[in-house]
Amino acid sequence: IASTRRQILQTSSHPRILTQQTSLFSSTQTNDSKPKNKRRGNKQYNNKKKRKREVGAGKELKNPDEVITWRCYGIDINPDDLGPSLNIDKRKEKRDGSNVPSERSYLTPPVISSLLSRLRIKSEEATDGLPSILQDARVVRRSLDARRRKGSDPKYTYVIDIDLTRQAARKLGLAPQSGKMEILDDKKMKGQDDDVANNAEDSQAKPRIVIVGAGPAGLFCALSLASSGLCTPILLERGQPVETRGKSIGALIHRRCVDPESNFSFGEGGAGTWSDGKLTTRIGRNSGSVRYVLETLVKYGAPERILVEGAPHLGTDNLVRLLRNMREDLRELGGEIHFGTKATKYLIEDGKIRGVEAECVEVNERTKSKLIDSEAREHESFKTFYGDAVVLATGHSARDVYEELYKAGVELEPKGFAVGFRIEHPQRLINEIQYGKDWGGRVFTKRPSTDTVNTEHFEKLSEGTEESHQGTLPVASYRLATDKAFDGEQNRGAYSFCMCPGGQIVPSSTEEGELCINGMSFSNRDSLWANSALVVTVSQDDPILDKYRSHGCLAGLEFQRDIERKAYELGGMNMTVPVQRLTDYVNGVVSSSIPASSYRLGAISAPLHEIYPKPLYNALSYAITEHFEKQMPGFLFEDALLHGVETRTSSPLRLVRNRTTLQAGGVDNLYPAGEGAGFAGGIVSAAVDGLVVANAIKAKFLTGDGDGDGNAFKSSKSIGFDY
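Residues numbered from 1 in each chain as written. Predicted model: local features only at pLDDT ≥ 70, side-chain atom pairs only at ≥ 80, totals over all residues. Heavy atoms only, no water.

A. Structural view of the overall build of the chain. Looking only at helices and strands, the chain features 19 helices and 25 strands. Per-residue burial over the chain gives 52% buried out of 723 residues. Long-range contacts, defined as pairs at least 24 residues apart, comprise 75% of the intrachain contacts of the chain with a sequence gap of at least 6. When the accessible surface of the chain is summed, it comes to about 34000 Å², and 46% of that surface belongs to carbon and sulfur atoms. (Helix = DSSP H or I, 4+ residues; strand = E, 2+ residues; numbered from the N terminus. Buried < 20%, exposed > 50% of the residue type's maximum accessible area, 1.4 Å probe, protein only. Contact = heavy atoms within 4.5 Å. Areas by Shrake-Rupley, 256 points an atom, 1.4 Å probe, with all protein chains shown as cover.)

B. Focus on unusual backbone geometry. Cis geometry marks the peptide bond from Gly-644 to Val-645, where omega comes out at 0°. Within the fold, Val-645 resides in strand E23 (residues 641–646). Unlike most non-glycine residues, Asn-63 shows phi in positive territory, near 55°. According to the relative accessible area criterion, Asn-63 is exposed, its value standing at 53%. The backbone of Arg-120 sits at a positive phi, close to 60°, despite the residue not being glycine. The exposure class assigned to Arg-120 is exposed, which follows from its relative accessible area of 56%.

C. Inspection of the sheet that holds strand E22 (residues 603–605) at higher detail. Spatial strand order, E16-E17-E20-E15-E23-E21-E22: seven strands in an open sheet with mixed pairing. Strands with a single pairing partner mark the edges of an open sheet, and in this sheet they are strand E16 (481–486) and E22. Neighbour to neighbour, the strand axes of the sheet diverge by 35° on average, direction disregarded. As defined by bridge partners, E16 adjoins strand E17 (residues 491–500) across four bridges and the pair is classed as antiparallel. Within E17, the position partnered with Ala-481 by the bridge is Tyr-495. Sheet strands in contact with helix H14 (residues 427–435) are strand E15 (417–426) and strand E20 (529–538), and its direction is about 95° off that of E15. (Pairing = 2+ DSSP bridges. Axes fitted to C-alpha atoms, helices over the stretch in contact; angles between N-to-C directions.)

D. A look at the pairing of strand E6 (residues 232–237). For E6, a buried count of six out of six residues is recorded, marking the element as mostly surrounded by other parts of the structure. Residues Thr-232, Ile-234 and Leu-236 point to one face of E6 and Pro-233, Leu-235 and Glu-237 to the other, with burial holding for every one of them. Pairing of E6 with strand E7 (residues 336–339), which is carried by four bridges, proceeds in the parallel orientation. Across the sheet, Leu-236 pairs through a bridge with His-338, a residue of E7.

E. Molecular detail of the nonpolar core. The biggest cluster of nonpolar side chains holds 148 residues, and the ones touching the most others in it are Ile-160, Ile-162, Leu-297 and Phe-559. Among the elements that take part in this core, helix H19 (residues 683–703) stands out by supplying eleven residues, more than any other. Counting 27 residues, the second-largest nonpolar core is a separate cluster that includes Ile-234, Val-390, Leu-412 and Leu-655. (Core = buried A, V, L, I, M, F, W, Y, C linked by side-chain atoms within 4.5 Å.)

F. Quick look at the environment of Gln-540. Here Gln-540 is to be found in the loop between E20 and helix H16 (555–570). Residues Gln-540 and Gly-556, 16 residues apart in the sequence, show an inter-C-alpha distance of 7.4 Å. If near-sequence neighbours (up to four positions away) are discounted, Gln-540 is found in contact with Pro-414, Lys-415, Gly-416, Leu-545 and Arg-549. Within the structure, Gln-540 has its side chain in polar contact with the backbone nitrogen of Gly-416 (distance 3.3 Å). (Polar contact = N/O pair within 3.5 Å; in protein donor to acceptor, adjacent residues only side chain to side chain.)

G. Layout of the pattern of salt bridges. This structure, assessed with the given rule, holds 35 salt bridges. With its nearest N and O atoms 2.9 Å apart, the salt bridge here joins Glu-564 to Arg-399. With Glu-564 in helix H16 and Arg-399 in helix H13 (residues 399–408), this pair connects stretches of sequence that are 165 residues apart. For Arg-399, a relative accessible area of 1% gives the class buried. A salt bridge links Glu-413 to Arg-654; its shortest N-O distance comes to 3.4 Å. (Salt bridge = Lys/Arg side-chain N within 4 Å of Asp/Glu carboxyl O.)

H. Structural view of the packing of helix H9 (residues 216–228) against helix H12 (residues 316–332). The interhelical angle for the contact between H9 and H12, taken along N-to-C directions, is 30°, at an axis separation of 10 Å. By the angle class used here, H9 and H12 are roughly parallel. When you trace H9 past H12, the crossing you get is left-handed. Residue-level contacts link Leu-219, Phe-220, Ala-222, Leu-223 and Ala-226 of H9 to Leu-323, Met-326 and Leu-330 of H12. Within the contact of H9 with H12, the residues separate by chemical class into eight nonpolar, no polar and no charged. (Parallel < 35°, antiparallel > 145°, perpendicular 65-115°, else oblique. Left-handed = near helix turned anticlockwise from the far one by under 90°. Nonpolar A, V, L, I, M, F, W, Y, C, P; charged D, E, K, R; others polar.)

I. The sheet that holds strand E4 (residues 181–183), seen in detail. Strand order in the open sheet formed by four strands is E2-E3-E1-E4, and the pairing between neighbours is antiparallel. The two strands at the open ends of the sheet, each matched to only one other strand, are strand E2 (136–145) and E4. Across this sheet, the average inter-strand angle for adjacent strands is 20°, counted without regard to direction. Both E2 and strand E3 (residues 155–165) contribute to a ladder of nine bridges, which runs antiparallel. Among the inter-strand pairings, Arg-142 is bridged to a residue of E3, identified as Tyr-158. Strands in contact with helix H6 (residues 109–119) are strand E1 (67–77), E2, E3 and E4; relative to E1, the strand with the most contacts, it is inclined by about 110°.

J. Molecular detail of H16. Taking 1.5 Å per residue as the helical rise, H16 with its 16 residues ought to reach 22 Å, and the 23 Å between its terminal C-alpha atoms agrees with that figure. The element H16 is largely enclosed, with a buried count of twelve among its 16 residues. Along H16, the residues classified as buried are Ala-555, Gly-556, Leu-557, Glu-558, Phe-559, Gln-560, Arg-561, Asp-562, Ile-563, Glu-564, Ala-567 and Tyr-568. Considering only its buried residues, H16 is in contact with H13, E15, strand E21 (577–581), helix H18 (614–631) and E23. With its phi angle positive at about 95°, Gly-572 sits one or two positions after the end of H16. (Expected span 1.5 Å × (residues − 1).)

K. Expanded view of the side chain of Ser-598. If you trace the backbone, Ser-598 turns up in the loop between helix H17 (582–587) and E22. We classify Ser-598 as buried; its relative accessible area is 7%. Side chain to side chain, Ser-598 and Glu-424 meet in a polar contact 2.4 Å long. In terms of polar contacts, Ser-598 uses its side chain to reach the backbone amide nitrogen of Ile-505, at 3.0 Å.

L. Spotlight on the packing of aromatic side chains. In this structure the tally under the stated criterion is eight aromatic pairs. When the centroid spacing of 6.3 Å and the interplanar angle of 55° are considered together, the rings of Phe-417 and Phe-559 count as tilted. Here the residue Phe-417 occupies a position in strand E15, and Phe-559 occupies one in helix H16, the gap between them amounting to 142 residues. Like Phe-559, Phe-417 is buried. Here Phe-421 and Tyr-612 contribute two aromatic rings whose centre-to-centre distance is 5.3 Å and whose plane-to-plane angle is 80°, an arrangement assigned as edge-to-face. (Phe/Tyr/Trp six-rings, centres within 6.5 Å; stacked < 30°, edge-to-face > 60°.)

Following this line, the structure appears as structure tokens:
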């Protein structure tokens, strides 16, 4: 044996062969010893060997002192471990003089303990919070998992970034595992094209870019262009600045007067200003572009917790302050903003857009230092805004824009959308369904009247038992969906949309004689009700649109209008909302009585089961009884109240856009953007699309290359949002 071993060692030069052959003769087996390779086929054994190879055991490390960032997923914490101080009092944030960012304030001792357990570090090794082997740790995201598997408690799940050296990572035996433990790429996503910004000074005359619409897409596009120093953005908004817009909404609520240009849909910030302010998105929560949008919102006044929370939201009260700050900064950067300016005609010559004509109304705007009125700005009734490019970021309710573009020959195409109702439940019921009788009473909103109602409800349910939990939970929400909503002939999609816990239902109509509704919440989500849209999909070639085909690609738009007119008539033609108990809706009978509603203009019982075509009624009823009630037992509740109608979940049209240049089909220098153009579905995705368009414009006017988009936010995922 010794002779054979020497011969092999002399003839073998490959290090891997040498190691394997040496180990073959490195020990002597006795009769009672177990074979070394008995577990060689065992999956656990092979995974362990693979993990050691990945870590690089036995190999010399390159740059052992280099600090790298690992992202740890699935750090779970029981709410009781966090204690009653879990929920930050949002009204007192940043008033205590603390400068600790949210990503560190969430790193409490129970969270650190769970992290150390995951890393197999003994807690006694930690001094002053983190052990010396870790350079730093930051909470990236926190979300609540309320699924009660086999009676288990809800849990908070954290994603945490840790910094440590390569040598420390080897010592801990860390190995990359997708979705569990990943090494972060240190390439940072840029907020704007730095090359464009740095070359801005070389530009002799700055191009003027007209942006129609001051929603998320328009605002972020304008800020990006202004920050680059290359272009001068001219932002046109048909509605009023946010402080004056509030007065228009007050007139609607108290006097039932609809201002067609300043309402819940039109005005600074777009429709999202008076909504729940959701910042969730389907384009990648951890992507660089989404992170940039969230950080920008924080810069202008949003609470830092939106950078950490798994389902962040702003609330209307936070959005009002934030928008005023964005407006001030945009002007300081050289941008122009014109409120009360409605684009009425798009000047297209020889296949190229030259500018827009607009109608102007009086505006009262308050800045940080003074009140600006129309007289000070020499008010004009009509004005033409010429530009080197025009960005269309008008939102999905600007139907007159679609009609004008259609007449002008701009390429439009129909797309699928969804319509339905707003459903409202008592919030205490949603807390009970989602958290159970033992945890539902641990929801606190900081509003005494709301918290008292919730506490008394659960005290009755748990009478005779002692409260066993000390942790707290946020106001419960839900999400429901099925693609098997049978309409009698085929399956449709049905789902909840824009769920507003602790919210209220508001009118989002933009024209007299029509009624559509939406949901909104303030940042504390402290009302007695929870509401959500319940909608059914309508495809662009759906038979229910056949009677509207004479309108061409605007058929879906006309269908929405027709339904809103019916709702207005059912409500008594005075902005009262038609309602029906959910149990009566699925049975096809008018409600003889109705519970209280958060809708402040009044509610009236009506046959909502007759307002939509039969296939849509069948599909939604089937989804409620056969899917939603099974997904959330108790959802089909007698006091659950349907409100009519929710028709504007998304645009039924899309402006055709070149995938490379992002310009509208057939018209040079016209850039469709955001939700109204059919390329986004919410605040964050619309903002990202505005940034994408801004970078395309900067690249074109810097290089003169119409085929370059200069997109710093390119992703394999589509920015578009289809239902």
